[in-house]
Amino acid sequence: MLTVGILSLTIPVVAGAVYLLAQRDKLPKRVADARGIALQTVIIMVVLLAIAGGVSAVLLTRGGEAVDNIERTDITRDAGDYSNETLCEAAGFTWTTSATGSECTG
């Protein structure tokens, strides 16, 4: 969230500075039009990059929070949840086979 706040303050300042620097040395009208279009293109590119950076910062922050929440949950499984020998043994339980059938035991 701090990154988004910094970007929301920095982008208008940078755009204003670029505009003021472009207005400092006025060229003849015909050249100024081409320069104005180039300046608008640069400003639009900078704004789009800033928006993309803000979105990626939010996604990374929210993704990290989601991973932390999932890691904090205490999920425990019971031996009876497994009906497959491979999964039973991978979970640390013992697979037993008897005359009546097979089962996962703790």
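Residues numbered from 1 in each chain as written. Predicted model: local features only at pLDDT ≥ 70, side-chain atom pairs only at ≥ 80, totals over all residues. Heavy atoms only, no water.

Next up on the list: the overall build of the chain. Regarding its fold elements, the chain presents 3 helices and 2 strands. When the helices and strands of the chain are read in sequence order from the N terminus, they spell out α-α-α-β-β. A buried classification covers 9% of the 106 residues belonging to the chain. Pairs at least 24 apart in sequence give 29% of the contacts found in the chain among residues at least 6 apart. (Helix = DSSP H or I, 4+ residues; strand = E, 2+ residues; numbered from the N terminus. Buried < 20%, exposed > 50% of the residue type's maximum accessible area, 1.4 Å probe, protein only. Contact = heavy atoms within 4.5 Å.)

Let's shift gears to the pattern of salt bridges. For the structure on display, the rule yields 2 salt bridges. In this structure, the salt-bridge partner of R62 is E65, at a minimum N-O distance of 2.9 Å. In this pair, R62 and E65 are both assigned in helix α2 (residues 29-72), 3 residues apart and thus about one turn of the helix distant. With a relative accessible area of 55%, R62 lands in the exposed category. Salt-bridge contacts for R77 lead to D81; the nearest nitrogen and oxygen are separated by 3.3 Å. On the basis of relative accessibility, which here comes to 48%, the residue R77 falls in the partly exposed class. (Salt bridge = Lys/Arg side-chain N within 4 Å of Asp/Glu carboxyl O.)

Where strand β1 (residues 94-98) and strand β2 (residues 101-105) come together, 5 bridges link them in antiparallel fashion. Looking across to β2, one finds that T94 is bridged to T105. Hairpin connection of β1 to β2: 2 residues between the antiparallel strands. (Pairing = 2+ DSSP bridges.)

With 5 residues, the main nonpolar core is built from A79, Y82, C88, W95 and C104. Ignoring anything within four residues of it in the chain, the contact list for C104 reads A79, G80, Y82, C88, F93, T94 and W95. (Core = buried A, V, L, I, M, F, W, Y, C linked by side-chain atoms within 4.5 Å.)

Covalently bonding the sulfur atom of one cysteine to the sulfur atom of another cysteine gives a disulfide. With the rule as written, the count across this model stands at 1 disulfide. A sulfur-sulfur separation of 1.9 Å characterises the disulfide bridge that pairs C88 with C104. One quick way to see it: the torsion about the S-S bond of C88 and C104 is about 85°, and its sign makes the bridge right-handed. Separated by 16 residues along the polypeptide, C88 in helix α3 (residues 85-90) and C104 in strand β2 bring together distant segments of the chain. When its relative accessible area of 0% is taken as the criterion, C88 is described as buried. Given a relative accessible area of 8%, C104 falls into the buried group. (Disulfide = S-S within 2.5 Å.)

Taken together, the side chains of I44, L48, I51, V55 and L59 make up a nonpolar region of the molecular surface, amounting to roughly 500 Å² of accessible area. Checked against the element boundaries, L48 lands in helix α2. (Patch = residues over 30% accessible without salt bridge, like charges linked within 9 Å, V, L, I, M, F, W, Y side chains within 5 Å. Areas by Shrake-Rupley, 256 points an atom, 1.4 Å probe, with all protein chains shown as cover.)

Time to look at the confidence of the model for the chain. Reading predicted coordinates in detail is not appropriate for stretches of low pLDDT. Looking at the chain as a whole, the pLDDT averages 81, with 81% of positions reaching at least 70. Confidence scores differ between elements of the chain, with helix α1 (residues 2-24) showing the lowest mean pLDDT of 72 and α3 the highest of 89. (pLDDT = per-residue confidence, 0-100.)

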